[in-house]
Amino acid sequence: MSAAPAAHGRGRPCVITRRATFSASHRYWLPELSADDNRARFGPCSLAPGHGHNYELIVAMGGALDADGMVLNLSEVKHAIRHQVTGQLDFRCLNEAWPEFNLEQPEGMLPTTEALCLAIWRRLAPHLPVMGLRLYEQPDLWADVLDDSMEAFLSIRTHFAAAHRLARPELSPEENDAIYGKCARPHGHGHNYLLDVTVRGRIDPRTGMVCDLAALQQLVADLVVEPFDHTFLNKDVAHFATTVPTAENIALHIADLLSGPIAATGASLHKVRLQESPNNAAEVFAETPQLGLVPQALEALAVG
Ligand SMILES: [Zn+2]
Ligand SMILES: [Zn+2]
């Protein structure tokens, strides 16, 4: 027999999330590099005087409910986030707002998405029971930080359009129809696939990066988007001549294609998420032992 529930859930554990936004500018420019090297490494992010983003921050916090039925009083959460983060960064230049990003100092880091997410963690953690942070620099680029080590997750979103047909050639049309329904119709159908690729790595203490973002984007473009976009997957991508191109199988194949090349950039492929329609998606965790690392509370809020 379980004990009677405590009043108003008191003592029961729960995770809550709070979203906050701010706008800030930044520039990637290391004084120890020549102008040419800065431009070569950081591309348009090196342009003076900088450029800006509308950042979106999601803070996940955990704890036991109090007698009021809350993990934390939300007005205190709002105040802490405003006081420690958004009030200091909103409409500011990140390179100047926080000493973490003062590149004239040897310990200064470029204010990348992942470095900023880590800096926010370190400033919020003394005030809130933070379990995970997600910071969107743009809807197609975000970082997750789960502790105050230098480890971070970086995700990019891209898309491609492709046709497929779900059927096993060794089965009869009736059998395929019974398994795959409309997806087994003989001439195929198409989707606008949304692809999220998440890598995990250590933040470089100077560049603030877990890997070269432009190189990561290029790998996904070259190895997935270019060969898959505007194709009939069953006929145009050799792997799917013999493997049914379900969302699950496409996500697994993408993970297999990306895993080695991403490892060569110094980061690890953590997750591939392939959304086939507004109603279904497949997720592959490329590092099985890391399966538990993604806080579900962040996912619930952030997955569009
Ligand atoms: Zn930027
Ligand atoms: Zn389909």
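Preceding this section is the structure that the text describes.
Procedures and definitions
Residues numbered from 1 in each chain as written. Chains lettered and ligands numbered in written order. Predicted model: local features only at pLDDT ≥ 70, side-chain atom pairs only at ≥ 80, totals over all residues. Heavy atoms only, no water. Salt bridge = Lys/Arg side-chain N within 4 Å of Asp/Glu carboxyl O. Helix = DSSP H or I, 4+ residues; strand = E, 2+ residues; numbered from the N terminus. Buried < 20%, exposed > 50% of the residue type's maximum accessible area, 1.4 Å probe, protein only. Polar contact = N/O pair within 3.5 Å; in protein donor to acceptor, adjacent residues only side chain to side chain. Contact = heavy atoms within 4.5 Å. Phe/Tyr/Trp six-rings, centres within 6.5 Å; stacked < 30°, edge-to-face > 60°. Lys NZ or Arg CZ within 6 Å of the ring centre and 35° of its normal.

A. Structural view of the pattern of salt bridges. A full pass over the atoms with the stated rule returns 12 salt bridges. Salt-bridge contacts for R123 lead to E100; the nearest nitrogen and oxygen are separated by 2.7 Å. Here R123, found in helix α4 (residues 113–124), pairs with E100, found in the loop between α3 (94–97) and α4; they are 23 residues apart in sequence, far enough to count as distant. Between R273 and E283 there is a salt bridge whose closest N-O contact spans 3.3 Å. Of the two residues, R273 is situated in strand β9 (residues 268–277) and E283 in strand β10 (residues 280–285); the sequence distance between them amounts to 10 residues. E283 sits in the partly exposed class, given a relative accessible area of 36%. Linked through salt bridges whose partners overlap, the residues forming this network are R157, D196, K271, R273 and E283.

B. Fine view of the side chain of Q84. Turning to its location among the elements, Q84 is positioned in helix α2 (residues 74–89). Judged by its relative accessible area of 16%, Q84 falls in the buried class. Side chain to side chain, Q84 and H127 meet in a polar contact 3.3 Å long. Discounting residues that sit within four places of it in the chain, Q84 has contacts with W98, R123, L124 and H127.

C. Examining the packing of aromatic side chains more closely. Inspection of the entire model under this criterion finds seven aromatic pairs. Between Y136 and W142, the ring centres sit 5.2 Å apart and the planes meet at 40°, which makes this aromatic pair tilted. Comparing Y136 with W142, the two get one shared label, buried. Residues F160 and Y193 carry aromatic rings whose centres are separated by 5.0 Å and whose planes lie at 20° to one another, so their mutual orientation is stacked. With F160 in strand β6 (residues 151–164) and Y193 in strand β7 (residues 189–202), this pair connects stretches of sequence that are 33 residues apart. When its relative accessible area of 1% is taken as the criterion, F160 is described as buried. Taking the relative accessible area as the measure of exposure, Y193 reaches 0% and is therefore buried. An aromatic cluster of three or more residues is present, and its members are F160, Y193, F228 and F240. The residue whose ring lies beneath R27 is W29, and the NZ or CZ to ring-centre distance is 4.2 Å. A cation over an aromatic ring shows up here: K235 above the ring of F232, its NZ or CZ 5.3 Å from the ring centre.

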